[in-house]
Amino acid sequence: DAGVIQSPRHEVTEMGQEVTLRCKPISGHNSLFWYRQTMMRGLELLIYFNNNVPIDDSGMPEDRFSAKMPNASFSTLKIQPSEPRDSAVYFCASSYLDRTDTQYFGPGTRLTVL
Amino acid sequence: AQSVTQLGSHVSVSEGALVLLRCNYSSSVPPYLFWYVQYPNQGLQLLLKYTSAATLVKGINGFEAEFKKSETSFHLTKPSAHMSDAAEYFCAVSDQNTGGFKTIFGAGTRLFVKA
């Protein structure tokens, strides 16, 4: 299995621009998670989906952030408009819908907003 | 709701010395607990997990952790540190809420290994 795939791996953009991060979960997994990691705030859960349905988006910072999962094999996290404080590494992870199951993380997207 | 607390944001050991990373949990139900490791410029990966079977759990790379209910702890140990163990380690607990499960991660402990 190829594991969780994220694209792009690096993104540099200017303040005010729209940014779209993409994730392909492991085939057969039915839960998908978006995290943000910074030195200051550590690892934060932004949103997670079960069977393509958003379950908990309480971690989404503000209305500038949105996430979709149109099917079981694809999800996007969009920031519009982007701000310098959004600079971070964004991780996608997937797992089975099971309390004991492992989360499998992608390699992350390093976002820099100038 | 479940939570975990990792004691010490940074731990430094000499190569060959014992590694001990501390984690305490808070849970109103029998917890399912995890340790993940993050190497530089990579995502997190599972080291080991406790799912109510044996209290001593063995993981990859020689790590193990012991679940102690009386102490609400799940500390991670390795008898002899290697330079390649330098990474950030996250303790985590599985939390159930409406519609599914999510993993609650601790703040992380960065392990430094000195030659």
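This report concerns the structure included in the present document. Quick caveat, the model's predicted, so the values are computed rather than measured.

Some words on the sheet that holds strand E8 (residues 73-78) of chain B
All names here are of chain B.
Next, step 1: With antiparallel pairing, five strands are arranged side by side in an open sheet as E1-E3-E8-E7-E6. Looking at which strands have only one partner, the edges of the open sheet turn out to be strand E1 (3-7) and strand E6 (56-58). For this sheet, the mean inter-axis angle between neighbouring strands, taken without regard to orientation, is 20°.
Next, step 2: Pairing analysis gives three bridges linking E6 to strand E7 (residues 64-68), with the strands arranged antiparallel.

A few points about the sheet that holds strand E8 (residues 74-79) of chain A
All names here are of chain A.
Next, step 1: Here four strands make up an open sheet; going across it, the order is E1-E3-E8-E7 and the pairing antiparallel. This sheet does not close on itself; its edge strands, each paired only once, are strand E1 (5-7) and strand E7 (65-71). Averaged over all pairs of adjacent strands, the angle between their axes in this sheet comes to 15°, without regard to strand direction.
Next, step 2: Note that E7 and E8 share five bridges and pair antiparallel. Among the inter-strand pairings, Ala67 is bridged to a residue of E8, identified as Leu77.

Quick look at the interface of chain A and chain B
Next, step 1: With 22 residues of chain A at the interface, the matching set in chain B holds 25 residues.
Next, step 2: In total, chain A and chain B occlude about 1,900 Å² of area from one another, counting both sides; carbon and sulfur atoms represent 51% of this.
Next, step 3: Joining chain A to chain B, the criterion identifies zero salt bridges.
Next, step 4: Summed over the shared surface of chain A and chain B, the number is four residue pairs in polar contact (both at pLDDT 80 or more).
Next, step 5: For the side of chain A that touches chain B, the secondary structure elements donating two or more residues are strand E4 (31-38), strand E5 (42-50) and strand E6 (53-56) of chain A.
Next, step 6: Here the side of chain A that touches chain B gets four residues from one element, more than from any other, and that element is E5 of chain A.

Description of the pattern of salt bridges
Next, step 1: In total, this model carries 11 salt bridges over all chains according to the counting rule given.
Next, step 2: The shortest N-O distance in the salt bridge between Glu44 of chain A and Arg41 of chain A comes to 3.0 Å.
Next, step 3: Accessibility expressed as a relative area gives 58% for Arg41 of chain A, which makes it exposed.
Next, step 4: Its salt-bridge partner being Glu64 of chain B, residue Lys58 of chain B comes within 2.8 Å of it at the nearest N-O pair.
Next, step 5: Look at the salt bridges and you will find they share partners, linking Glu62, Arg64, Glu83, Arg85 and Asp86 of chain A into a network.

Observations concerning the state of the cysteines
Next, step 1: Counted according to the given criterion, the structure contains two disulfides over all chains.
Next, step 2: There is a disulfide in this structure between Cys23 of chain A and Cys92 of chain A, and the S-S distance comes to 1.9 Å. Where Cys23 of chain A bonds to Cys92 of chain A through sulfur, the torsion about that S-S bond is close to -65°, and the disulfide is left-handed. Of the two residues, Cys23 of chain A sits in strand E3 (residues 19-24) while Cys92 of chain A sits in strand E9 (residues 88-95), which places them 69 residues apart along the sequence.
Next, step 3: Owing to a relative accessible area of 0%, Cys92 of chain A belongs among the buried residues under this scheme.
Next, step 4: The side chain of Cys23 of chain B participates in a disulfide bridge whose partner is Cys91 of chain B; the two sulfur atoms lie 1.9 Å from each other. On the sign convention where negative is left-handed, the bridge of Cys23 of chain B and Cys91 of chain B, at about -65° about the S-S bond, is left-handed. Here Cys23 of chain B is found in strand E3 (residues 19-26), whereas its partner Cys91 of chain B is found in strand E9 (residues 87-97), with 68 residues between them in sequence. Accessibility assignment for this pair places Cys23 of chain B and Cys91 of chain B in one class, buried.

Points about the packing of aromatic side chains
Next, step 1: Taken as a whole and judged by the stated rule, the model has 14 aromatic pairs over all chains.
Next, step 2: Ring geometry for Phe33 of chain A versus Tyr35 of chain A: centroids 6.3 Å apart, planes at 25°, classification stacked. Of the two residues, Phe33 of chain A and Tyr35 of chain A, neither departs from the other in class, the shared state being buried.
Next, step 3: Relative to Phe105 of chain B, the ring of Phe105 of chain A has its centre 6.0 Å away and its plane inclined at 75°; by these criteria the two rings are edge-to-face. Residue Phe105 of chain A is found in strand E10 (residues 104-105), and its partner Phe105 of chain B is found in strand E10 (residues 100-105); the two belong to separate chains. Side by side, Phe105 of chain A and Phe105 of chain B carry an identical accessibility label, which is buried.
Next, step 4: Put simply, the rings of Phe33, Tyr35, Tyr48, Phe91 and Phe105 of chain A together with Phe34, Tyr36, Phe90 and Phe105 of chain B touch in pairs and so form one group of aromatic residues.

Each value, and the rule that gives it
Residues numbered from 1 in each chain as written. Chains lettered and ligands numbered in written order. Predicted model: local features only at pLDDT ≥ 70, side-chain atom pairs only at ≥ 80, totals over all residues. Heavy atoms only, no water. Pairing = 2+ DSSP bridges. Helix = DSSP H or I, 4+ residues; strand = E, 2+ residues; numbered from the N terminus. Axes fitted to C-alpha atoms, helices over the stretch in contact; angles between N-to-C directions. Contact = heavy atoms within 4.5 Å. Buried area = accessible area lost by both parts, 1.4 Å probe. Salt bridge = Lys/Arg side-chain N within 4 Å of Asp/Glu carboxyl O. Polar contact = N/O pair within 3.5 Å; in protein donor to acceptor, adjacent residues only side chain to side chain. Buried < 20%, exposed > 50% of the residue type's maximum accessible area, 1.4 Å probe, protein only. Disulfide = S-S within 2.5 Å. Phe/Tyr/Trp six-rings, centres within 6.5 Å; stacked < 30°, edge-to-face > 60°.

Coordinates in, geometry out; function isn't part of it.
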